[in-house]
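Chain by chain, the residues:
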Amino acid sequence: MKYTFHWLPALRALPDMLWGALVTLEVAVLSMLLGVVFAVLLALASQSRIWILRAFATSWVELARNTPALFQIYMAYFGLGSFGIYIDSFPALLAGITFNNAGYLAETFRGGMRAVPDTQMRAARSLGMGQIQAFRLIVLPQLFRVVYYPMTNQMVWAILMTSLGVVVGLNNDLTGVTQELNVRSFRTFEYFALAAVIYYLIAKTVTLSARLIAWRLFRY
Amino acid sequence: MSIEINDVHKSFGPLEVIKGVSMTVAPGEVVSVIGGSGSGKSTLLMCVNGLEPINSGRVLIDGTDVHDRRTDLNKLRRRIGIVFQQWNAFPHLTVLENVMLAPRKVLGKPKAEAEAIAVEKLTHVGLAEKLKVYPSKLSGGQQQRMAIARALAMSPHYMLFDEVTSALDPQLVGEVLDTLRLLSSEGMTMIVVTHEIAFAREVSNRVAFFHQGRIHEIGPPSQVIGNPQKPETVAFLKSVL
């Protein structure tokens, strides 16, 4: 077995792929920000006294966690399409990943809320703090620590999930760009190997910076 | 200026834990509350500062009805400090920050002033060396003393102590009791729920014996502990001494 790795086409493709990586990051970051917002709402809804809210939250979390991410993205693109709602590849991918993120993070947040004992709230209130003040100053920072690492994991997962955008026609993210280059030249191995290295480096950078920030943030 | 507890009833669901308790604590007075577990002692403290609602009766702090809807509990609680059995240190803040937080955020004091108060109170309870340390690095006794300093930093008129030594290792009980002794010698008005009978006898002006949600006996320690009148009090003291 002998294979010559063609460095030149790979190097030539690098700038385009790095631009693609930016789009990848954009989708991942947006999907995390939106995911966190929806996850907080879902976590609250799952504690609600109104059963329809609880049912809605449960269904979302169940579907997001127990069906393939690929299907979730398909649903946003083709699924909505069959109801006459057509959205572009980018928002479809964003919606799919956001749906997935929110489902996982909602569970993380729900667990986090249980991890901070009620007595902390009680102690804060006994010092004359109001409900919201006590939550903000005492509960939230502790909650944040509990959910921090699961959140960074989800961020990495979100980055990797963006590669599924190719199935709904996204062609300017890292996988999309790689696929375009591939169909033009069939240097499949070179391009995808390079893409894998870039994904790896992005994911590692996220994990390592998260660890660095945590070291700075959580001194206790 | 006093704490007046007037015929307070409190139930958790069908279980009535306080069955009509009345008692007045005068300024500068130290009242210890003793009694078996589940007798309602701790719940009474929670009702005094409004952490638990009551079913009937009244609690007046300096004439303000704690359980009146119109009462601003956040404001009222600045006057009543409470220290819990589980000290409830805020783990994400240093010792100094734990104590500074409420003076800054609740009383709105400037940072330097809040810090000065915190340092003073922490020095008072013997933790001047531990300002920059996180609570997880402290022993139980130190955390409990920090919790006392945290309550004192609000300059409360009254202090409530809820079995503050029960969760401590025996060798750490002494240092916390010393802090309480210090406070009582300074004239702090206190209600102390405790299992430390010898301590109650030593520092209290009055001792209240709680049994099945009622005060069975209340009076000077020489009477309630030294010469109990009711058979329940005698039985309880026999079991703990």
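For the structure itself, consult the block above.
All of the points below concern the structure found in this document. Since the structure is predicted, the reported quantities are computational estimates derived from the model, not experimental observations.

The rules behind each value
Residues numbered from 1 in each chain as written. Chains lettered and ligands numbered in written order. Predicted model: local features only at pLDDT ≥ 70, side-chain atom pairs only at ≥ 80, totals over all residues. Helix = DSSP H or I, 4+ residues; strand = E, 2+ residues; numbered from the N terminus. Buried ≥ 20, exposed ≤ 12 C-beta atoms within 10 Å, placed from the backbone. Contact = placed C-beta atoms within 7 Å. Core = buried A, V, L, I, M, F, W, Y, C linked by C-beta atoms within 7 Å. Pairing = 2+ DSSP bridges. Axes fitted to C-alpha atoms, helices over the stretch in contact; angles between N-to-C directions. Parallel < 35°, antiparallel > 145°, perpendicular 65-115°, else oblique. Left-handed = near helix turned anticlockwise from the far one by under 90°. Nonpolar A, V, L, I, M, F, W, Y, C, P; charged D, E, K, R; others polar.

### Some words on the overall build of chain A
For step 1, the next point in the chain: Looking only at helices and strands, one finds 8 helices and 0 strands in chain A.
For step 2, the next point in the chain: When the elements of chain A are put in sequence order from the N terminus, they spell out α-α-α-α-α-α-α-α.
For step 3, the next point in the chain: C-alpha extents for chain A along the principal axes are approximately 70 × 45 × 30 Å.
For step 4, the next point in the chain: Here chain A holds 220 residues, and the buried ones make up 35% of them.
For step 5, the next point in the chain: For chain A, long-range pairs separated by at least 24 residues make up 74% of all intrachain contacts whose partners lie at least 6 apart in sequence.

### Notes on unusual backbone geometry
Residue and element names in this part refer to chain B.
For step 1, the next point in the chain: In this structure, N88 takes a positive phi of about 55° despite not being glycine.
For step 2, the next point in the chain: Here N88 is to be found in the loop between strand 6 (80-83) and helix 3 (95-105).
For step 3, the next point in the chain: Residue classification places N88 among the buried positions, given that 24 C-beta atoms sit within 10 Å.
For step 4, the next point in the chain: Notably, S155 is not glycine yet its phi reads approximately 45°, a positive angle.
For step 5, the next point in the chain: On the secondary structure map, S155 appears in the loop between helix 5 (140-152) and strand 7 (158-162).
For step 6, the next point in the chain: On the basis of neighbour counts, which here come to 13 C-beta atoms within 10 Å, the residue S155 falls in the partly exposed class.

### Overview of the nonpolar core
One recurring pattern in soluble globular proteins: nonpolar side chains tend to sit buried together.
For step 1, the next point in the chain: Membership of the largest hydrophobic core comes to 76 residues, with the highest contact counts inside it found for V48(B), V99(B), A149(B), L160(B), F161(B) and I191(B).
For step 2, the next point in the chain: Within the second largest apolar cluster, 36 residues are counted, among which are A76(A), A92(A), A102(A) and A106(A).

### As for the pairing of strand 10 (residues 214-219) of chain B
All names here are of chain B.
For step 1, the next point in the chain: As paired elements, strand 9 (residues 206-211) and strand 10 share 5 bridges and run antiparallel to each other. Residue pairing for strand 10: F210 is matched across the bridge by I215.
For step 2, the next point in the chain: If you look at the hairpin formed by strand 9 and strand 10, you'll find 2 residues sitting between the two strands, and Q212 has a positive phi there, around 50°.

### Here we look at the packing of helix 3 of chain B against helix 5 of chain B
Residue and element names in this part refer to chain B.
For step 1, the next point in the chain: Two elements in contact, helix 3 and helix 5, have axes separated by 8 Å at closest approach and are oriented at 25°. What the angle tells us is that helix 3 and helix 5 run roughly parallel. For the element pair helix 3 and helix 5, the recorded crossing hand is right-handed. From helix 3, V95, N98 and V99 reach across to helix 5, where they touch M146, A149 and R150.
For step 2, the next point in the chain: Partitioning the contact of helix 3 with helix 5 into residue classes produces 4 nonpolar, 1 polar and 1 charged.

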